[in-house]
2 protein chains.
Amino acid sequence: MTTRAPVNLTKLLTPSSIAIIGASTNTTSISGQPLRLMLEVGYAGKLFPVNPRREEVQGVKAYPNAQAIPEKCDVALVAVSAAQVPQALLDCGEAGIPFAVVLAGGFAETGKLGEAAQRELDAAIKQSGVRVVGPNCIGVANIATRAFCAFGGALYDKSLEPGPVAVVSQSGGVGLSMMAHAHARGVDTRYIVSCGNEADLDFFDFTHTLLGQDDVQLILAYLESSLEGKRLRELGQRALQLGKPIILLKVGNSGAGRRAAGSHTGKLTADYTLFKATFKEGGFIEVTDLHEMADVAKLVLGGRYPRGRNIGVLTGSGGWGVMVAEAYERNGLQLPLPTPETAEKLKAVVAEYGSIGNPIDTTPVYGKQHTVLEIIVNEPNWDMLHVRSAGGPALKEWLPNFLNIAKRTDKPIIVGWSPVPGLDLDIKRELEKNGIYCPSFAAEAGRAVGLFTDFAMKRKRLLECGQTPVQRPIAKQTLELSGSGALAEHVSKQCLARYGIPATKEVLLSLDAILALKDAPVSFPVAVKLASPDIPHKTEADAVRLNVKSLDELKAAAQAVVNGGKKHTPSARIDGISVQEMASGVEMIVGAVNDQYFGPYVMVGLGGVLTEVLHDVAHRFAPVTPADARDMLAELKGAKILEGYRGALPADVDAVVDVLVRLSWLIHDHRDRIAEIDVNPLFVRAKGRGVVAADALVVLSGV
Amino acid sequence: MTTRAPVNLTKLLTPSSIAIIGASTNTTSISGQPLRLMLEVGYAGKLFPVNPRREEVQGVKAYPNAQAIPEKCDVALVAVSAAQVPQALLDCGEAGIPFAVVLAGGFAETGKLGEAAQRELDAAIKQSGVRVVGPNCIGVANIATRAFCAFGGALYDKSLEPGPVAVVSQSGGVGLSMMAHAHARGVDTRYIVSCGNEADLDFFDFTHTLLGQDDVQLILAYLESSLEGKRLRELGQRALQLGKPIILLKVGNSGAGRRAAGSHTGKLTADYTLFKATFKEGGFIEVTDLHEMADVAKLVLGGRYPRGRNIGVLTGSGGWGVMVAEAYERNGLQLPLPTPETAEKLKAVVAEYGSIGNPIDTTPVYGKQHTVLEIIVNEPNWDMLHVRSAGGPALKEWLPNFLNIAKRTDKPIIVGWSPVPGLDLDIKRELEKNGIYCPSFAAEAGRAVGLFTDFAMKRKRLLECGQTPVQRPIAKQTLELSGSGALAEHVSKQCLARYGIPATKEVLLSLDAILALKDAPVSFPVAVKLASPDIPHKTEADAVRLNVKSLDELKAAAQAVVNGGKKHTPSARIDGISVQEMASGVEMIVGAVNDQYFGPYVMVGLGGVLTEVLHDVAHRFAPVTPADARDMLAELKGAKILEGYRGALPADVDAVVDVLVRLSWLIHDHRDRIAEIDVNPLFVRAKGRGVVAADALVVLSGV
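Residues numbered from 1 in each chain as written. Chains lettered and ligands numbered in written order. Predicted model: local features only at pLDDT ≥ 70, side-chain atom pairs only at ≥ 80, totals over all residues. Heavy atoms only, no water.

J.: So what's going on with the overall build of chain A? Which residues, and what values?
T.: When helices and strands are counted, chain A shows 22 helices and 29 strands. Referenced to the eigenvectors of the C-alpha coordinate spread, the extents of chain A come out at roughly 105 × 80 × 40 Å. Looking at chain A as a whole, 58% of its 703 residues are labelled buried. A sequence separation of at least 24 residues applies to 72% of the contacts in chain A between residues at least 6 apart. On chain A, roughly 27,900 Å² of surface is accessible, and the fraction owed to carbon and sulfur atoms is 51%. If the 73 positive side-chain charges of chain A are averaged to one point and the 75 negative ones to another, these points end up 1 Å apart. (Helix = DSSP H or I, 4+ residues; strand = E, 2+ residues; numbered from the N terminus. Buried < 20%, exposed > 50% of the residue type's maximum accessible area, 1.4 Å probe, protein only. Contact = heavy atoms within 4.5 Å. Areas by Shrake-Rupley, 256 points an atom, 1.4 Å probe, with all protein chains shown as cover. Lys, Arg positive; Asp, Glu negative; His and termini not counted. Charge placed at Lys NZ, Arg CZ, Asp CG, Glu CD.)

J.: Pulling in residues and values, what's your account of the domain arrangement of chain A?
T.: Domain assignment breaks chain A into domain 1 (1-153), domain 2 (161-301), domain 3 (306-464), domain 4 (505-581) and domain 5 (586-700). Distance between the C-alpha centres of domain 4 of chain A and domain 5 of chain A: 30 Å. (Domains from an automatic or database assignment.)

J.: Kindly report on the packing of helix H7 (residues 229-242) of chain A against helix H16 (residues 442-465) of chain A, identifying the contributing residues and their values.
T.: Residues and elements named next belong to chain A. Where H7 meets H16, the closest approach of the two axes is 9 Å, and the angle between their N-to-C directions is 80°. Put simply, H7 runs roughly perpendicular to H16. Residues Leu240, Gln241 and Leu242 of H7 touch H16, and the partners they reach there are Phe455, Lys458, Arg459 and Leu462. Taken together, the residues that form the contact of H7 with H16 break down as 4 nonpolar, 1 polar and 2 charged. (Axes fitted to C-alpha atoms, helices over the stretch in contact; angles between N-to-C directions. Parallel < 35°, antiparallel > 145°, perpendicular 65-115°, else oblique. Nonpolar A, V, L, I, M, F, W, Y, C, P; charged D, E, K, R; others polar.)

J.: Describe the pairing of strand E12 (residues 218-223) of chain B, naming the residues involved and giving the relevant values.
T.: All names here are of chain B. Buried residues dominate E12, accounting for 6 of its 6 residues. The side-chain alternation of E12 yields two buried faces, one formed by Leu218, Leu220 and Tyr222 and the other by Ile219, Ala221 and Leu223. Handedness of the crossover is the feature at issue here: the chain leaves E12, passes through helix H7 (residues 229-242), returns alongside strand E13 (residues 246-250), and the resulting connection is right-handed. (Right-handed = clockwise from strand over helix to strand, strands pointing away.)

J.: Outline the sheet that holds strand E7 (residues 131-133) of chain A, supporting the account with residue identities and numerical values.
T.: All names here are of chain A. Strand order in the open sheet formed by 5 strands is E2-E1-E5-E6-E7, with parallel pairing between adjacent strands. Of all strands in the sheet, those bounded by a partner on one side alone are strand E2 (46-50) and E7. The sheet shows a mean angle of 20° between the axes of neighbouring strands, taken without regard to direction. Bridging between strand E1 (residues 17-21) and E2 involves 5 bridges; their strand directions are parallel. (Pairing = 2+ DSSP bridges.)

J.: Outline the interface of chain A and chain B, listing residues and values.
T.: Every contact between the two is made by 78 residues of chain A and, on the other side, 78 residues of chain B. For the pairing of chain A and chain B, the buried interface totals around 5,700 Å² over both sides, and the portion due to carbon and sulfur atoms is 63%. If you look at where chain A meets chain B, you find 4 salt bridges. Between Arg545 of chain B and Glu553 of chain A there is a salt bridge, with the nearest N and O atoms lying 2.7 Å from each other. At the boundary of chain A and chain B, one finds 16 residue pairs in polar contact (both at pLDDT 80 or more). (Buried area = accessible area lost by both parts, 1.4 Å probe. Salt bridge = Lys/Arg side-chain N within 4 Å of Asp/Glu carboxyl O. Polar contact = N/O pair within 3.5 Å; in protein donor to acceptor, adjacent residues only side chain to side chain.)

J.: How would you sum up the environment of Thr409 of chain B? Please name residues and give values.
T.: Residue and element names in this part refer to chain B. Relative to the assigned elements, Thr409 resides in the loop between helix H14 (395-406) and strand E18 (413-416). Judged by relative accessible area, which is 8%, Thr409 ranks as buried. When the C-alpha positions of Thr409 and Met384 are compared, they lie 9.8 Å apart, and in sequence the two are 25 residues distant. Among all residues touching Thr409, those that are not within four sequence positions of it are Arg304, Val377 and Asn378.

J.: Go over the pattern of salt bridges with me, naming the residues and quoting the values.
T.: Residue and element names in this part refer to chain B. In total, this model carries 60 salt bridges over all chains according to the counting rule given. With a closest N to O distance of 3.1 Å, Arg36 and Glu40 form a salt bridge. Of this pair, Arg36 and Glu40 both sit in helix H2 (residues 33-41), 4 residues apart, which is roughly one turn of the helix. By relative accessible area, Arg36 is classed as partly exposed at 29%. A salt bridge links Lys433 to Glu430; its shortest N-O distance comes to 3.7 Å. Separated by 3 residues within a single helix, Lys433 and Glu430 lie in helix H15 (residues 425-433), roughly one turn from each other. On the accessibility criterion, Lys433 (68% relative accessible area) is exposed.

J.: Describe the packing of aromatic side chains, listing the residues and the values that go with them.
T.: Residue and element names in this part refer to chain A. Inspection of the entire model under this criterion finds 19 aromatic pairs over all chains. Through successive ring pairs, a cluster of aromatic residues spans Phe275, Phe279, Phe284, Phe598, Tyr601 and Phe621. Over the ring of Trp320 we find Arg388; its NZ or CZ atom is 4.1 Å from the centre of that ring. (Phe/Tyr/Trp six-rings, centres within 6.5 Å; stacked < 30°, edge-to-face > 60°. Lys NZ or Arg CZ within 6 Å of the ring centre and 35° of its normal.)

J.: Break down the environment of Glu94 of chain B for me, with residues and values.
T.: Residue and element names in this part refer to chain B. Position of Glu94 among the secondary structure elements: in helix H3 (residues 85-94). Look at Glu94 and you get exposed, because its relative accessible area is 64%. Sequence-wise, Glu94 and Ser128 are 34 residues apart; in three dimensions their C-alpha atoms are separated by 7.2 Å.

J.: Could you give an account of the relation of the copies chain A and chain B, naming the residues involved and the relevant values?
T.: The two copies are related by a screw motion: chain A maps onto chain B through a turn of 180° and a shift of 0.1 Å along the axis, at an RMSD of 0.2 Å. Between the two chains, the operation in question is that of a two-fold axis. Same-surface contact between copies: 100% of interface residues of chain A are shared with the interface of chain B. (Least-squares fit on C-alpha atoms with pLDDT ≥ 70 in both.)

J.: Pulling in residues and values, what's your account of helix H21 (residues 626-635) of chain A?
T.: If you check which residues of H21 of chain A are buried, you get Asp628, Ala629, Met632 and Leu633 of chain A. Taken down its axis, H21 of chain A places every buried residue within 140° of arc, on the same side. (Arc of directions from axis to C-beta.)

J.: Can you break down the packing of helix H12 (residues 340-347) of chain A against helix H13 (residues 369-376) of chain A residue by residue, with the values?
T.: All names here are of chain A. Orientation of H12 relative to H13, taken along the N-to-C sense of each, is 165°, at an axis distance of 10 Å. Here H12 is positioned roughly antiparallel relative to H13, judged by the angle of their axes. Crossing angle aside, the handedness with which H12 passes H13 is right-handed. Each of Thr342, Lys345 and Leu346 in H12 lies in contact with H13, whose residues at this interface are Val372, Ile375 and Ile376. (Left-handed = near helix turned anticlockwise from the far one by under 90°.)

J.: Could you give an account of the side chain of Lys411 of chain B, with specific residues and numbers?
T.: Residues and elements named next belong to chain B. Along the chain, Lys411 falls in the loop between H14 and E18. A polar side-chain atom of Lys411 sits 2.9 Å from the main-chain carbonyl oxygen of Glu379. Here the side chain of Lys411 touches Trp382 through a polar contact of 2.8 Å, landing on its backbone oxygen. Look past the residues within four positions of Lys411 in its chain and what remains in contact with it is Arg304, Val377, Asn378, Glu379, Trp382, Asp383 and Met384.

J.: Give me the confidence of the model for chain A: which residues, what numbers.
T.: A low pLDDT means the predicted coordinates there should not be read in detail. All names here are of chain A. Across chain A, the average pLDDT comes to 90, with 95% of residues at or above 70. A low-confidence stretch, residues 263-269 (pLDDT under 50), is modelled with 28 contacts involving residues beyond four sequence positions or located in other chains. Across the whole predicted complex the pTM is 0.90, and at the interface the ipTM reaches 0.88. (pLDDT = per-residue confidence, 0-100.)

J.: Describe the sheet that holds strand E23 (residues 576-581) of chain A, naming the residues involved and giving the relevant values.
T.: Residues and elements named next belong to chain A. Read from one edge of the open sheet, 4 strands run E20-E23-E21-E22, paired in antiparallel fashion. In the strand order of this sheet, the two ends are held by strand E20 (506-509) and strand E22 (544-548), each with one partner. Neighbour-to-neighbour, the strand axes of the sheet open up by a mean angle of 20°, direction not taken into account. As paired elements, strand E21 (residues 526-531) and E23 share 6 bridges and run antiparallel to each other. The residue bridging Val528 from the neighbouring strand is Val579, located in E23. Contacting E21, E22 and E23, helix H19 (residues 551-568) crosses the sheet at an angle of about 30° to E21.

In structure tokens, the structure reads:
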């Protein structure tokens with residue numbers, strides 16, 4: 001991977017002194033807000049307004065330019081208009097200020113209009129040596145020190161407290177909303193960074209540095225577009241290794257959203273498919289909204305990680321039990337029954353009209369909830385517990401008992417909360433302090449717990465297997481790859497063969513030779529195709545016969561394809577007749593691409609319409625392990641076909657897994673020369689009988 | 001349809017006098033709560049506690065039994081234990097009380113345990129002539145008159161106000177939560193009915209009667225299970241005709257949820273697929289959670305109905321614009337660009353760094369929002385508008401201007417609200433009073449507006465086309481349907497032919513006859529199959545050849561299938577060789593079933609894996625119109641295949657539509673005799689060239 005060194009952002013994130021270039025006396029304007037804000041909320045560092053027309057601004061002594069400031073500031077907040085920004089940066093450089101936050105818009109994001117301004121800006125950044133945030137951003141804020149090199153109404157909220165969360169956003173507006181909504185839900189942010197246009201420092205610089213800080217346990221991120229696929233993958237891998245998830249809103253993926261993201265940031269966006277593969281591979285949790293983001297953050301910060309996907313549900317209302325059970329199942333969790341031992345103990349407690357299963361329905365006899373909870377808290381079949389809260393006046397008595405029982409396990413415990421907003425908030429907060437997530441709705445609980453569990457399972461796999469070195473199925477092979485563009489089919493098949501991927505056999509014979517045959521030239525059944533440079537579309541010329549099963553039928557077929565070809569194109573030159581081993585089995589497509597942004601990956605799909613019309617395919621970056629390849633197959637909506645469809649025997653899944661692993665090493669080893677490999681179809685035979693590539697195409701990258 | 005007469009529930013829903021059988025002095029017990037509750041919240045009607053051991057209960061004169069009450073009460077609230085319920089009902093009958101609400105559990109819902117109790121209950125209901133709600137329910141409540149024949153904490157809330165909403169729920173707990181959450185969101189309920197076990201009155205009696213009342217504009221419903229498919233369909237049709245949607249949570253559809261729903265209500269559940277078809281057909285809006293339910297209710301009660309699926313988005317934050325755009329697109333809405341006239345007017349107002357498109361991004365210059373809104377409010381390309389709220393202190397000034405502009409259109413207007421709960425609630429309420437929906441999250445807005453628009457489009461279609469009588473493609477045909485069970489293939493194909501559905505031709509010939517042929521017996525290409533009563537699985541016996549294209553090849557194939565059959569089963573009797581017209585085209589499956597619960601329906605899917613593995617099929621009840629049939633095809637995930645896949649010509653969709661319509665009349669006309677029709681495959685040729693059924697099976701119902 002193309003590692004870019006992490007930038008030390010300490011002075012930017014926690015400045016002791018801030019220059020405000022263009023500080024205004026108009027406290028409602030963007031150039032007046034930051035100073036007003038920091039004075040109001042009590043920033044303890046030093047503030048140096050720069051304004052050549054004033055002795056002081058908002059009661060603070062002002063300076064004519066950055067160079068005139070009597071000490072070396074940690075950050076310059078540049079609040080001047082686009083045209084004045086380059087000079088301001090050069091001044092900062094001369095004044096020895098290492099970081100500048102540029103608020104103004106009017107650069108690359110406006111398209112042609114801002115091209116010239118962007119060029120000037122780029123030159124000034126280079127010349128000045130100043131590291132720049134923005135332009136076209138709302139700034140950088142440190143909630144702990146109240147260093148707000150930023151503007152925006154949400155920052156005036158005096159109840160803000162620093163927590164273990166960092167917000168990094170390619171939209172300033174959404175970034176502030178993420179912070180504000182999370183705060184209202186009890187998830188507190190320490191740092192907010194609005195990336196803006198990323199003329200210099202970018203999303204990855206911020207997230208990489210923040211991930212490495214001890215005071216950050218979790219990143220909330222908003223990403224519109226990026227072509228930095230490799231850095232995104234690297235970020236995800238680091239997040240997973242550190243166990244600090246990046247909860248991510250990724251937009252700009254399709255239709256009007258993509259169009260709007262384009263106009264908003266002036267950038268191209270890469271294929272969403274590869275973003276998805278990146279999120280799956282690394283420590284990302286992709287969400288679709290701010291509410292979901294806060295829900296998942298609560299679970300992460302709760303610190304209770306599930307060891308598996310099994311959840312037990314305890315309810316006092318049958319109806320709620322059903323809703324919750326279905327919501328969890330929709331999100332990839334399972335609800336196995338309790339062990340017989342637990343069921344036996346429950347019998348003595350649950351009313352005869354209740355139900356002992358999963359959900360357990362105690363009926364509305366709340367007094368018994370603790371007894372039931374004590375019985376199930378260490379139930380071995382369940383990795384998590386969902387408990388419907390009692391609600392009402394009983395809640396205060398219920399709390400201490402509940403917390404005592406909850407302490408006996410480190411499994412996640414979810415308390416289904418009242419759907420009436422604002423009820424019993426003090427008790428809810430107490431629960432949340434103890435790492436207990438309290439969702440009000442079944443759908444919300446299902447989604448958040450499902451996403452969190454996906455992350456927990458990835459992290460678990462890393463901790464369990466991460467130390468084992470990756471095993472190659474085959475040493476790096478030398479391939480003769482000369483020229484550029486597509487290789488011929490038989491040459492492509494040779495490349496596959498070198499990596500141990502089998503392909504079908506074929507022979508080219510004359511009609512006479514076929515008519516004289518005493519034995520099968522390749523084993524039956526065979527495909528018979530006229531080979532003529534003048535007939536590229538053989539099917540249309542009636543010059544193909546498939547599934548020919550005997551010598552007599554082969555001879556009739558050979559004559560028929562010659563007749564067909566001659567009728568279609570009387571003048572056609574005939575090279576002979578190609579007799580090909582007719583492969584059969586489940587038809588799959590496997591491929592590999594060295595993506596210019598993300599690097600080499602493999603893909604797999606079930607053949608025909610599933611891949612081509614429904615796009616039912618799975619992607620992983622190369623090289624892949626057998627476990628990854630198995631996950632890819634499991635991801636396919638049509639995966640059931642491999643289990644034996646229409647009475648067929650189960651397919652040789654192990655052989656497909658082997659092909660994917662080998663193909664991933666092939667593209668990994670030769671990514672400098674191979675742009676793309678396409679195996680279509682790959683026939684998968686019954687279990688134990690392997691696979692065979694019926695067609696293959698290797699495309700070299702241009703030299 | 002099997003119409004069951006609506007029940008006049010006036011005395012149940014709005015009683016002037018209530019007997020409380022088993023009224024207790026313990027005000028926290030279920031039998032003590034209702035009296036306490038009504039005394040506390042001020043029910044204005046008369047209350048008659050019945051308790052043989054007391055002169056008075058909670059300060060109200062008590063009676064030894066129902067007969068002793070000096071007047072004929074409208075309702076008896078039966079709060080005694082299961083064993084005492086039958087006698088209580090008989091007493092009510094003698095006292096001339098028309099309705100009883102039975103709270104106790106311990107009947108059919110407990111399985112075997114309650115079987116005897118249920119039988120006694122059923123007998124008492126019959127004998128007494130009393131119409132019963134429950135048992136095992138939390139009762140019936142009228143928020144307007146505070147007639148609470150019910151128990152449950154949520155009813156003590158004194159802020160409850162009657163609105164135009166009725167809640168009907170098969171779970172008491174969920175019903176109260178639905179009411180309470182909706183109330184917290186400004187959607188007020190007038191009636192709540194908890195159905196319980198439905199020993200007598202059921203979900204359909206309640207919903208049908210409530211739909212017909214002028215004081216109900218909307219029903220919120222929770223349905224776990226029902227085998228009353230026909231009444232559900234009837235309910236949906238009536239709701240659509242009245243323009244009063246039923247916003248529905250349907251659970252118990254799969255896995256643990258279904259298992260739990262079973263244990264909760266002791267009922268079977270029919271196939272979810274047909275529920276889905278019912279919801280699509282009628283005035284239902286299916287939601288997945290209470291939050292979504294309240295969101296959609298707000299849009300319905302707002303009274304602004306869209307005329308199409310096009311929405312325009314106005315934002316001051318590019319990031320929010322992208323999120324909102326994507327959320328709407330995910331939910332079936334479109335974001336077309338504004339007309340050139342509108343775009344021209346916008347140029348003068350939107351900042352040069354903003355963006356004129358859809359979304360329109362004004363950048364954060366809030367002062368201009370009204371000017372922009374005035375320009376776009378009547379934009380002809382948009383059926384709805386989404387506007388991001390200004391937020392903060394400017395909001396109070398913004399409101400009257402905004403409302404003035406909003407009054408100029410009856411299109412839905414959605415205001416994207418702050419994601420921080422509790423902000424500016426007074427302004428939000430004012431907007432909502434004017435029918436403006438104010439969601440805080442993009443995902444929430446997308447989902448609710450998408451669901452509401454689906455309903456609006458159904459309603460629009462009904463108003464536009466509902467008056468046209470349904471046209472038959474063919475008069476009712478007489479079919480000879482004798483016996484029961486499956487008809488032979490050629491007889492089945494004759495049934496289809498009578499309704500104008502074409503099928504493939506076939507002939508049965510001896511091997512000698514084939515070897516002597518001079519001409520094709522049916523047109524090439526053909527399928528060649530050995531016909532032997534001893535070889536049912538021809539493919540396994542190597543006794544099938546497909547796609548045979550010439551006379552020579554036919555002769556070779558005929559010999560080959562005889563050889564194959566003899567080798568596989570040397571003693572096999574041979575009836576001859578079937579030579580069948582080989583159909584080709586896009587492979588589809590069409591079918592029809594007379595479902596015992598829901599009635600006759602048709603289904604369609606794309607052949608092979610799409611139907612069998614991915615269950616990519618669409619269902620509609622018979623008879624269907626061509627428009628319905630077209631919707632069915634559009635619903636298929638693989639619909640693109642019909643547009644011309646892998647370079648093929650577009651398929652003859654009109655012919656498929658015609659087959660579906662004809663098949664729907666076939667099952668409709670003969671639903672008394674035909675259980676099922678299966679056409680698999682139906683080959684669809686290129687546009688204008690029709691379809692042909694390659695195989696067909698008609699199954700008669702048992703006599």
